[in-house]
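Each chain, written out:
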Amino acid sequence: RSRQAQLLARGGVVSADMTQSRRDGQQPMASMIDCDPDTPVRRFLDVLRERSHTLGWDELAAREPARLAHYLAARFEYDVRKGGFAQLIYNMQGECLAEMEDMLNAAHATAAHDHYIRAIRACLASEDDYQTFLTSHFTSPNALKHDLQLISLEYLARKISFCSEAKPFLERAIASGCPEEP
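None of these values were measured; they are calculated from a predicted model. (Residues numbered from 1 in each chain as written. Predicted model: local features only at pLDDT ≥ 70, side-chain atom pairs only at ≥ 80, totals over all residues. Heavy atoms only, no water.)

Scanning the model with the defined rule gives 9 salt bridges in all. The salt bridge partner of R42 is D46, with a shortest N-O separation of 3.5 Å. Taken as a pair, R42 and D46 lie in helix α2 (residues 40-55) at a separation of 4 residues, close to a single helical turn. Where E59 meets R63, a salt bridge forms, and the shortest distance between an N and an O atom there is 2.8 Å. (Salt bridge = Lys/Arg side-chain N within 4 Å of Asp/Glu carboxyl O. Helix = DSSP H or I, 4+ residues; strand = E, 2+ residues; numbered from the N terminus.)

So this is what it looks like as structure tokens:
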């Protein structure tokens, strides 16, 4: 777990509403490397993402601590695909950032991890911009958001989807019966 993610998580603004997402009508950033929606991995991630919207990170961690990494994988895949690292950082609101890094390491998602660390470092470079970004409307101009979008474009230019990098990790979760029925 990186020191950067731990520091940022401690200094982050915690929000009970993690469902805030892009509503500006722009196209998803990663449509060119999108996971096929008909694959078991993508359907699995969609189920987990929906559950994370209704339960919240604290409740998920309490109810299913062994599955938290899988829920974070679903959040990572969706947010980065739809709006890049800016959307991911914004929607996480300082919660589970170190755990997100742990998940990327466990999933052996090297490209995703490298760019995630760059995004976290960009957030740490200016705490004022980070706090302003988290408390503003997502579509508001912000220097940090711009930097995060550039990191996202570099990640997407590699054309390595998170689903393909993390496929063995996610397939093991599917095979183990994750998610458990509530």
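Listed in full, the buried residues belonging to helix α7 (residues 127-135) are Y130, F133 and L134. Taken down its axis, α7 places every buried residue within 95 degrees of arc, on the same side. In α7, the exposed positions that point more than 90 degrees away from the buried face belong to D128 and T135. (Buried < 20%, exposed > 50% of the residue type's maximum accessible area, 1.4 Å probe, protein only. Arc of directions from axis to C-beta.)

This part covers the side chain of Q93. Tracing the backbone shows Q93 in the loop between α4 (68-92) and α5 (97-106). A polar contact is formed between the side chain of Q93 and the backbone oxygen of Y90, at a distance of 2.7 Å. (Polar contact = N/O pair within 3.5 Å; in protein donor to acceptor, adjacent residues only side chain to side chain.)

This brings us to the nonpolar core. Grouped together as the largest cluster of nonpolar side chains are 50 residues, with contacts concentrated most on F76, Y116 and F162. With 13 residues, the single largest contributor to this core is α4. Aside from chain neighbours lying at most four places away, what touches F76 is R81, F85, L88, M100, M103, L104, A112, Y116, Y155 and F162. (Core = buried A, V, L, I, M, F, W, Y, C linked by side-chain atoms within 4.5 Å. Contact = heavy atoms within 4.5 Å.)

Further remarks concern the environment of A122. Structurally, A122 can be placed in helix α6 (residues 110-125). Overall, A122 belongs to the buried group, its relative accessible area being 17%. Sequence separation of A122 and D147 is 25 residues, and the distance between their C-alpha atoms is 7.1 Å. A122 has contacts with L144, L148 and I151, leaving out every residue within four places of it along the chain.

To continue, consider the packing of α5 against α6. One can describe the packing of α5 onto α6 by two numbers: an axis separation of 9 Å at closest approach and a directional angle of 160 degrees. Between α5 and α6, the crossing angle belongs to the class labelled roughly antiparallel. The handedness of the crossing between α5 and α6 comes out as left-handed. Facing L97, M100, E101, L104 and N105 of α5, the residues of α6 in contact are A112, H113, Y116, I117 and I120. Its residues placed into classes, the contact of α5 with α6 shows 7 nonpolar, 2 polar and 1 charged. (Axes fitted to C-alpha atoms, helices over the stretch in contact; angles between N-to-C directions. Parallel < 35°, antiparallel > 145°, perpendicular 65-115°, else oblique. Left-handed = near helix turned anticlockwise from the far one by under 90°. Nonpolar A, V, L, I, M, F, W, Y, C, P; charged D, E, K, R; others polar.)

Just distances and angles here, no functional claims.
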